[in-house]
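# Coordinates in review
Here's the letter readout for the chains.
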Amino acid sequence: MSSENKTTTSSLASVEARCVRLNAKAATPAEVAPVVERHVLSRGADQVLIEIKAAAVNPSDIKAATGLMPYAVFPRTSGRDYAGVVIDGPPGMIGREVFGSSGDLGIRRDGTHATHLAVEADAVVDKPKNLSWAEAAGLGVPFVTAIEGFRRAGMPEKQETVLVFGVTGKVGQAAVQIASWRGARVIGVARKHEAYPGHANGPVEMIDSSTTEVAARVRELTGGKGANIVFNTVGDPYFQAAHKSLALRGRQILIAAIDRIVQFDILEFYRGQHTYVGIDSLALSSVASGAVLRELVPGFLSGHLRPFAIKPGAIYPLEDARSAFIAVAGSSHDRIILRP
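Structural notes, computed from the coordinates.

Cut-offs and rules
Residue indices follow the written sequence of each chain, beginning from 1 at its first position. Per-residue local features of the predicted model are confined to residues with pLDDT of at least 70, and side-chain atom pairs are confined, for both listing and counting, to 80 or more; whole-chain, interface and lining totals are unaffected and use all residues. Each side-chain value is derived from all of the structure's non-hydrogen atoms; neither hydrogens nor water enter the calculation. Put simply, DSSP H or I for four residues or longer makes a helix, DSSP E for two residues or longer makes a strand, and each gets a number counted from the N terminus. Radius of gyration: C-alpha atoms only; globule rule: 2.2 Å multiplied by the number of residues to the exponent 0.38. Burial classification: accessible surface area is computed with a 1.4 Å probe over protein chains only, and a residue below 20% of its type maximum counts as buried, one above 50% as exposed, and the rest as partly exposed. Throughout, a contact is declared for two residues whenever any of their heavy atoms are within 4.5 Å. Only the protein chains shown count as cover for residues, and the accessible areas themselves come from Shrake-Rupley with a 1.4 Å probe. For this count, His and the chain ends are skipped, Lys and Arg are scored as positive, and Asp and Glu as negative. Charge placement uses NZ in Lys and CZ in Arg. For Asp and Glu, CG and CD serve respectively. Strands pair, by our definition, only if DSSP identifies at least two bridges between them. A right-handed crossover is one whose linking path, passing over the helix from the first strand to the second, runs clockwise when the strands point away from the viewer. Here, nonpolar core means buried Ala, Val, Leu, Ile, Met, Phe, Trp, Tyr and Cys residues that are tied together by side-chain atoms lying within 4.5 Å of each other. Under the pairing criterion, centres of Phe, Tyr and Trp rings, with the six-membered ring standing for Trp, must be within 6.5 Å; the plane angle then separates stacked pairs below 30 degrees from edge-to-face pairs above 60, leaving the rest tilted. Under the convention used throughout, the expected extent of a helix is 1.5 Å for every residue step, that is, one less than its residue count. One side-chain nitrogen of Lys or Arg within 4 Å of one carboxyl oxygen of Asp or Glu is enough to make a salt bridge.

So, about the overall build of the protein chain. A tally of regular secondary structure across the protein chain gives nine helices and 17 strands. Relative to a compact globule of 340 residues, whose C-alpha radius of gyration would be 20 Å, the protein chain shows 21 Å and is just as compact. The C-alpha extent of the protein chain, read off along each of the three principal axes, is 70 × 45 × 35 Å. Relative to its full complement of 340 residues, the protein chain shows a buried share of 53%. Partitioning the contacts of the protein chain with sequence separation of at least 6, the portion at a separation of at least 24 is 69%. Put simply, the protein chain shows about 14700 Å² of open surface, and 52% of that area lies on carbon and sulfur atoms. Charged side chains of the protein chain number 37 positive and 33 negative; the gap between the two group centres comes to 3 Å.

And the structure:
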């Protein structure tokens with residue numbers, strides 16, 4: 001970094017960064033109007049300064065921009081996921097290639113859609129050498145959500161069946177990768193007839209929910225037992241099917257909702273000795289998110305876990321952040337990346 005961009009004050013570095021700024025709440029995704037501004041970033045005593053190489057755009061970025069997260073602050077720099085190089089911090093950290101994610105970056109404080117980021121030193125995770133910048137930046141929110149769901153519900157075991165609703169989405173695919181890495185049997189549910197599109201460490205049996213009664217098919221596939229873990233990435237549209245698919249002492253993981261209120265059969269719940277686990281990745285700090293991701297690095301190094309494919313057309317410059325936001329708001333199947 002050139003001397004004109006870097007100054008030192010009380011041994012703490014600062015840098016002038018180009019940042020994607022959201023200056024006011026938008027009424028709809030189509031009205032989100034990010035602008036690129038220059039801001040001076042300074043790192044705190046417990047932080048590192050990172051030169052961002054790539055940053056992902058998540059659906060939560062759009063939700064925060066349109067007021068669906070009342071605690072989101074304005075103005076702010078958006079973005080939760082990142083990959084880059086440490087350019088200032090403790091001597092042993094300078095030059096390290098790192099990645100990470102956060103529940104507060106880009107929502108409650110300035111985030112990753114920028115040329116630089118100041119973040120806690122304990123939050124960064126060494127980037128697996130076999131991943132590109134864009135691939136590493138694309139891991140964050142989906143894999144944090146998936147592994148935190150399993151950590152809270154109990155990690156899948158070899159003798160268990162894991163049922164994933166919304167299996168073609170990014171969190172669904174991350175859940176499949178982790179469950180199959182653990183040796184569990186995996187069944188996926190999609191809204192139409194389609195093959196599982198991602199990586200897995202074993203077969204993924206697919207159910208088309210538009211033509212098949214899901215719970216009955218799950219019982220058929222499991223000899224009447226049902227699924228030990230149901231990872232429901234969609235929420236209320238699949239709540240009843242997920243509930244009826246649970247095995248004795250089964251666990252349902254919930255991460256999303258369209259309508260908040262669902263019918264709930266308490267009798268079936270307690271007689272089935274079921275457990276429901278709610279996961280909100282926005283509640284995880286940068287440091288907590290880093291700790292979760294750090295557990296997954298060996299899987300990426302071994303090839304049991306793989307990054308999402310990043311298409312060249314899904315990579316946008318900071319100056320075209322609005323197009324990236326619109327692509328995510330339009331439910332693009334691609335992992336959308338901003339590259340400074």
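Quick look at the pairing of strand S10 (residues 161–165) now. With five of its five residues buried, S10 lies for the most part within the structure. Side-chain alternation along S10 places Thr161, Leu163 and Phe165 on one buried face and Val162 and Val164 on a second face that is also buried. In this structure, S10 lies alongside strand S11 (residues 185–190), joined through five bridges in parallel fashion. Across the sheet, the residue bridging to Val164 is Gly188, located in S11. Where the polypeptide runs from S10 across helix H4 (residues 170–181) and back to S11, its parallel neighbour, the crossover connection is right-handed. The sheet contact formed by S10 and strand S13 (residues 227–232) spans four bridges and is parallel. Across the sheet, the residue bridging to Phe165 is Asn232, located in S13.

Formed by 44 residues in total, the largest nonpolar core has its most connected members in Phe99, Phe143, Phe150, Val164 and Ile178. Counting only elements with at least two residues in this core, the list comes to strand S4 (47–56), helix H2 (133–137), helix H3 (140–153), S10, H4, S13 and helix H8 (286–302). Contacts of Phe143, omitting those with residues within four sequence positions, involve Ala174, Gln177, Ile178, Leu293, Leu296, Phe300, Arg306 and Phe308. Of all hydrophobic cores here, the second largest spans 17 residues; its members include Ile62, Ala327, Ile336 and Leu338.

A separate point is the packing of aromatic side chains. Inspection of the entire model under this criterion finds nine aromatic pairs. Between Phe269 and Tyr276 the ring centres are 5.2 Å apart and the planes differ by 50°, which places this aromatic pair in the tilted class. By relative accessible area, Phe269 is classed as partly exposed at 23%. On the basis of relative accessibility, which here comes to 23%, the residue Tyr276 falls in the partly exposed class. These aromatic residues form a ring-pair network of at least three members: Phe239, Phe264, Phe269 and Tyr276.

Our focus in this paragraph is H4. Residues spaced three or four apart along an α-helix face the same direction, because each turn holds 3.6 residues. In a regular helix each residue adds 1.5 Å, so 12 residues correspond to 16 Å; H4 covers 16 Å between its end C-alpha atoms and thus fits that length. Within H4, 11 of the 12 residues are buried, which leaves it mostly tucked inside the rest of the structure. Looking at H4, one finds that the buried residues are Lys170, Val171, Gly172, Gln173, Ala174, Ala175, Val176, Gln177, Ile178, Ala179 and Ser180. Tucked into the core, H4 has its buried residues touching H3, S10, S11, strand S12 (204–208), S13 and H8.

The next point concerns the pattern of salt bridges. Throughout the structure, instances matching the rule amount to 19 salt bridges. Note that Arg109 is salt-bridged to Asp104, the shortest N-O span being 3.6 Å. In this structure, Arg151 and Glu148 form a salt bridge, with 3.0 Å as the shortest nitrogen-oxygen distance. With Arg151 and Glu148 both in helix H3 and three residues apart, the pair spans about one turn of that helix. On the basis of relative accessible area, Arg151 is assigned to the partly exposed category, the value being 40%. In this structure Glu148 comes out as buried when scored by relative accessible area, which is 12%. Linked by salt bridges that have partners in common, Arg21, Glu37 and Asp110 make up one network.

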